[in-house]
Amino acid sequence: MKLKKMKYVMACSLALSLCFLLTGCKLFEMINRVISENYRSSESIEILVIPPAPIKNGRQSSEIKAFSFANSVRDGLMSGINAYNEAGSVTIVPVYYTKQEIVNKFYDDISKILEQSEKDKKDASEEIKEYCSKIVFALRKHTKYKKMSCIIFGIYEFKESATAHNITLCYYDLAANNWSAVNGVVTKQAGRAQENDLQNLMKRLLERVYD
């Protein structure tokens, strides 16, 4: 089982690396957005899950290592998916991604999109959707996840003195062009309380999207 997971992680790593290398390529701009009915199964949905990270102040600090890649963060988010799967209308198949270099690049790019939208006084949602869709298409093309169409990620503003993070957990489904987000307070200290906060946040997001 561990070998299987390692293969999945390696495959995702390759796909995401290729995606970031080809971000500026016109190939992605020409991809047809008309998705067929069998793009994904309504009973089982594969979702790429990227751990939350600080998006502005403190992005380059050790905070991203201390929080984003903590086992309690992973366990909390995955527990939220498991809790939803027990009673939800669909089954979520998560692909949890934690390769630090790629995760950092993802949030750096999201941050740049948000900063530029503030300067231009424009809504950043369409650009963020476009960026997320490139990653999902790369996974569909280069890994076994041929029906993947969704991505979940989280952002928060880092504050040194804070005892908790106010995290926005975001969801985008490019097949349905559906965007959703929930906010929640997550304790900063790793442990059971942090896991519970993240579990509740993830479960609320999935309930909002699918129920």
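For the structure itself, look to the data block above.
Residues numbered from 1 in each chain as written. Predicted model: local features only at pLDDT ≥ 70, side-chain atom pairs only at ≥ 80, totals over all residues. Heavy atoms only, no water.

S.K.: Just checking my understanding: could you explain the overall build of the protein chain for this structure?
M.R.: Looking only at helices and strands, the protein chain features seven helices and six strands. The linear arrangement of helices and strands in the protein chain, starting from the amino end, is α-α-β-β-α-α-β-α-α-β-β-β-α. Per-residue burial over the protein chain gives 45% buried out of 211 residues. Nonlocal contacts in the protein chain, meaning residues at least 24 apart in sequence, comprise 69% of its contacts between residues at least 6 apart. Surface exposure of the protein chain reaches about 11,200 Å², of which carbon and sulfur atoms provide 51%. (Helix = DSSP H or I, 4+ residues; strand = E, 2+ residues; numbered from the N terminus. Buried < 20%, exposed > 50% of the residue type's maximum accessible area, 1.4 Å probe, protein only. Contact = heavy atoms within 4.5 Å. Areas by Shrake-Rupley, 256 points an atom, 1.4 Å probe, with all protein chains shown as cover.)

S.K.: Looking at this structure, how should I read the pattern of salt bridges?
M.R.: Between side chains of opposite charge, a pair can form as their charged atoms come close. Summed over the entire model, instances satisfying the criterion amount to three salt bridges. Ionic pairing is found between Arg74 and Asp75, a salt bridge with its closest N-O pair at 3.0 Å. Residue class for Asp75 comes out partly exposed when judged on its relative accessible area of 29%. The shortest N-O distance in the salt bridge between Glu126 and Lys129 comes to 3.4 Å. Of the two residues, Glu126 and Lys129 are both situated in helix α6 (residues 125-142); the distance of three residues between them amounts to about one turn of the helix. (Salt bridge = Lys/Arg side-chain N within 4 Å of Asp/Glu carboxyl O.)

S.K.: What exactly am I supposed to notice about the packing of aromatic side chains here?
M.R.: Remark: the centre distance and the inter-plane angle together describe each pair of aromatic rings, the angle taken between the planes. For the structure on display, the rule yields nine aromatic pairs. Arranged with centres 5.3 Å apart and planes meeting at 75°, the rings of Phe67 and Tyr156 form a pair that is edge-to-face. Of this pair, Phe67 sits in helix α3 (residues 63-68) while Tyr156 sits in strand β4 (residues 150-156), and the two are 89 residues apart along the sequence. Among the aromatic residues, ring-to-ring pairing joins Phe106, Tyr107, Tyr131, Phe153, Tyr172 and Trp179 into one connected group. (Phe/Tyr/Trp six-rings, centres within 6.5 Å; stacked < 30°, edge-to-face > 60°.)

S.K.: Sorry if this is basic, but what is going on with the nonpolar core here?
M.R.: In globular proteins that are soluble, nonpolar side chains generally tend to be buried together. Counting 29 residues, the largest nonpolar core has Leu48, Ile50, Phe106, Tyr107, Ile128, Ile151 and Phe153 as its most contacted members. Put simply, the parts of the chain that give this core at least two residues each are α5 (100-120), α6, β4 and β5 (164-173). Formed by 28 residues, the second largest nonpolar core is a distinct cluster that contains Met78, Ile92, Met202 and Leu206. (Core = buried A, V, L, I, M, F, W, Y, C linked by side-chain atoms within 4.5 Å.)

S.K.: Could you clarify how one ought to interpret the packing of α5 against α6 in this entry?
M.R.: Packed helices, taken two at a time, are described by the angle their axes make and the gap between the axes. Orientation of α5 relative to α6, taken along the N-to-C sense of each, is 160°, at an axis distance of 10 Å. Between α5 and α6, the angle is such that the two are roughly antiparallel. For the crossing formed where α5 meets α6, the hand is right-handed. Between α5 and α6, the residues in contact are Lys105, Phe106, Asp109, Ile110, Ile113 and Leu114 and Glu127, Ile128, Tyr131 and Ile135, respectively. Considered class by class, the residues forming the contact of α5 with α6 number seven nonpolar, no polar and three charged. (Axes fitted to C-alpha atoms, helices over the stretch in contact; angles between N-to-C directions. Parallel < 35°, antiparallel > 145°, perpendicular 65-115°, else oblique. Left-handed = near helix turned anticlockwise from the far one by under 90°. Nonpolar A, V, L, I, M, F, W, Y, C, P; charged D, E, K, R; others polar.)

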